[in-house]
Amino acid sequence: MAGFLIALISGALMSVQGVFNTQVTKTAGMWVSNAWVQLSAFALCLVVWLVTGRDNVMALTKVEPKYMLLGGVIGAGITWTVIKSMAALGPAKAALLIVIAQLIVAYVIELLGLFQVDKEPLDWRKVGGLVLALIGIAIFQWE
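Residues numbered from 1 in each chain as written. Predicted model: local features only at pLDDT ≥ 70, side-chain atom pairs only at ≥ 80, totals over all residues. Heavy atoms only, no water.

Even after reading the chapter, I still don't get the overall build of the protein chain, so can you show me in this structure?
The number of helices and strands found in the protein chain is five helices and zero strands. Reading the secondary structure of the protein chain in the N-to-C direction produces α-α-α-α-α. For the protein chain, the spread of C-alpha atoms along the principal axes amounts to about 50 × 45 × 30 Å. Here the protein chain holds 143 residues, and 15% of them are scored as buried. The long-range fraction of contacts in the protein chain, counting pairs at least 24 apart against all pairs at least 6 apart in sequence, stands at 57%. Distance between charge centres in the protein chain, computed from 9 positive and 7 negative side chains, equals 9 Å. (Helix = DSSP H or I, 4+ residues; strand = E, 2+ residues; numbered from the N terminus. Buried < 20%, exposed > 50% of the residue type's maximum accessible area, 1.4 Å probe, protein only. Contact = heavy atoms within 4.5 Å. Lys, Arg positive; Asp, Glu negative; His and termini not counted. Charge placed at Lys NZ, Arg CZ, Asp CG, Glu CD.)

How should the environment of L89 be read in this particular structure?
Checked against the element boundaries, L89 lands in helix 3 (residues 71-89). Exposure remark for L89: the relative accessible area of 38% places this residue in the partly exposed category. With residues near it in sequence (within four places) discarded, L89 still touches A94 and L97.

It is not clear to me how the confidence of the model for the protein chain should be interpreted in this structure. Could you clarify?
Predicted confidence across the protein chain gives a mean pLDDT of 92, with 100% of residues reaching 70 or more. Mean pLDDT values over the elements of the protein chain span from 91, in helix 5 (residues 124-141), up to 94, in helix 2 (residues 30-52). (pLDDT = per-residue confidence, 0-100.)

Could you clarify how one ought to interpret the side chain of S85 in this entry?
Residue placement: S85 occurs in helix 3. Excluding residues within four positions of it along the chain, S85 makes contact with G90, A94 and I98.

Sorry if this is basic, but what is going on with the pattern of salt bridges here?
Any two side chains of opposite charge can pair, on the condition that their charged atoms come close. Under the definition given, this model contains two salt bridges. Measuring nitrogen to oxygen at the nearest pair gives 3.5 Å for the salt bridge that ties E64 to K66. A salt bridge links D123 to R125; the shortest N-O distance between them is 3.3 Å. The exposure class assigned to D123 is buried, which follows from its relative accessible area of 19%. Under the relative-accessibility criterion, R125 is labelled exposed at 70%. (Salt bridge = Lys/Arg side-chain N within 4 Å of Asp/Glu carboxyl O.)

Looking at this structure, how should I read the environment of E120?
Inspection of the secondary structure puts E120 in the loop between helix 4 (91-112) and helix 5. By relative accessible area, E120 is classed as partly exposed at 35%. Sequence separation between E120 and I9 is 111 residues; the distance between their C-alpha atoms is 26 Å. In contact with E120, other than residues within four places in its own chain, are E110 and L111.

Shown next, in the form of structure tokens:
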């Protein structure tokens, strides 16, 4: 149950963050806004790290494969794409498409066992759910 609630909070925070970042971009520009997002996140993480436990930073050198360390780079790309999509489509349409893309890519990662994730068998109910979500997008876009 906790995972379910945390996922809901994550989705809500991502939507609010996207709106905030889009508004900041209108004044400060794309890359200043993106840098601010990453810098402020780093500052918060640093404070929480200092307060909570101080895990060994050098443990990062032991992460394998090394490409797993690209999460921050991907985060900058996420910030850029969310800002651009929300500015072009509005928060609701952008969030809907972002969530559907997340579902599809996450399911493909599970199906193929990519990035050291346990491989899962094809489940037609999940495929049906994805198709239903895509139909939902079509209905949402319909004018």
